[in-house]
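Fold and contact review
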Amino acid sequence: VQLVESGGGLVQPGGSLRLSCRASGFTFSSYAMSWYRQAPGKERELVAAITSGGGNTFYADSVKGRFTISRDNAKNTVYLQMNSLKPEDTAVYYCRGEHSDYDHEYDYWGQGTQVTVSS
């Protein structure tokens, strides 16, 4: 099982980045996917989430209207489009996959990708 994030980097305030998280080793289309972030000295927080079929999404208030989560189940990939970036968006961003069946819960995390918003 692997979740591999990419697309992070250094961007100026007001800029945009698109994060990708490619999954392998499990049935991606059965999993709800989410993006979390963790800034230095802070707890990891949920940024955005999307249901397995992509029909429903959730956003933290701090990113609502600026970030968009989407997925392509044919490519086993979830995306996070980040626009109007602010210095407070600086963090390591992680993707997470979750699935429950009648007797087991599955919970996978990626290794993270650094996003730095600075002039």
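Being a predicted model, the structure only gives us computed values, none of them experimental.

Our focus in this paragraph is the overall build of the chain. Helices and strands together make up the secondary structure of the chain, namely zero helices and eleven strands. Across the chain, helices and strands are ordered from the amino to the carboxyl terminus as β-β-β-β-β-β-β-β-β-β-β. The C-alpha atoms of the chain give a radius of gyration of 14 Å, which matches the 14 Å a tight globule of 119 residues would have. When each of the 119 residues of the chain is scored for burial, the buried share is 39%. Considering only contacts in the chain between residues 6 or more positions apart, those separated by 24 or more positions represent 54%. Accessible surface for the chain amounts to roughly 6,400 Å². Of this, 45% is attributable to carbon and sulfur atoms. Seen as two clouds, the 11 positive and the 12 negative side-chain charges of the chain have centres 9 Å apart.

Attention shifts here to the nonpolar core. Within the largest apolar cluster, 29 residues are counted, with the highest numbers of intra-cluster contacts made by Trp 35, Leu 80, Met 82 and Tyr 93. Of all the elements in the fold, those that place two or more residues in this core are strand 3 (17-24), strand 4 (32-38), strand 5 (45-50), strand 7 (67-72), strand 8 (77-82), strand 9 (91-100) and strand 11 (113-117).

Note that Lys 86 resides in the loop between strand 8 and strand 9. What makes Lys 86 partly exposed here is its relative accessible area of 35%. Between the C-alpha atoms of Lys 86 and Gly 15, which are 71 residues apart in sequence, the distance is 8.3 Å. When near neighbours in sequence (up to four residues on either side) are disregarded, Lys 86 contacts Arg 66 and Val 117.

What you tend to see is this: most non-glycine residues have negative phi, and most peptide bonds are trans. In the Ramachandran plot, Asn 76 falls in the positive-phi region, its phi being about 55 degrees despite a non-glycine side chain. The topology assignment puts Asn 76 in the loop between strand 7 and strand 8. Unusually for a residue other than glycine, Ser 84 sits at a positive phi of about 50 degrees. By the secondary structure assignment, Ser 84 is in the loop between strand 8 and strand 9. Given a relative accessible area of 41%, Ser 84 falls into the partly exposed group.

Counted under the stated rule, the structure contains five aromatic pairs. Geometrically, the ring pair formed by Phe 26 and Tyr 31 is tilted, given 4.5 Å between the ring centres and 55 degrees between the ring planes. Both residues of the pair, Phe 26 and Tyr 31, count as buried. Each ring, one from Tyr 31 and one from Tyr 108, has its centre 5.8 Å from the other, and the planes form 20 degrees; the classification is stacked. Placement of the pair is Tyr 31 in the loop between strand 3 and strand 4 and Tyr 108 in strand 10 (residues 105-109), with a sequence separation of 77 residues. Its relative accessible area of 5% is what places Tyr 31 among the buried residues. Taken together, the ring pairs connect Phe 26, Tyr 31, Tyr 106 and Tyr 108 into an aromatic cluster.

Calculation rules
Residues numbered from 1 in each chain as written. Predicted model: local features only at pLDDT ≥ 70, side-chain atom pairs only at ≥ 80, totals over all residues. Heavy atoms only, no water. Helix = DSSP H or I, 4+ residues; strand = E, 2+ residues; numbered from the N terminus. Rg over C-alpha atoms; globule rule 2.2 N^0.38 Å. Buried < 20%, exposed > 50% of the residue type's maximum accessible area, 1.4 Å probe, protein only. Contact = heavy atoms within 4.5 Å. Areas by Shrake-Rupley, 256 points an atom, 1.4 Å probe, with all protein chains shown as cover. Lys, Arg positive; Asp, Glu negative; His and termini not counted. Charge placed at Lys NZ, Arg CZ, Asp CG, Glu CD. Core = buried A, V, L, I, M, F, W, Y, C linked by side-chain atoms within 4.5 Å. Phe/Tyr/Trp six-rings, centres within 6.5 Å; stacked < 30°, edge-to-face > 60°.

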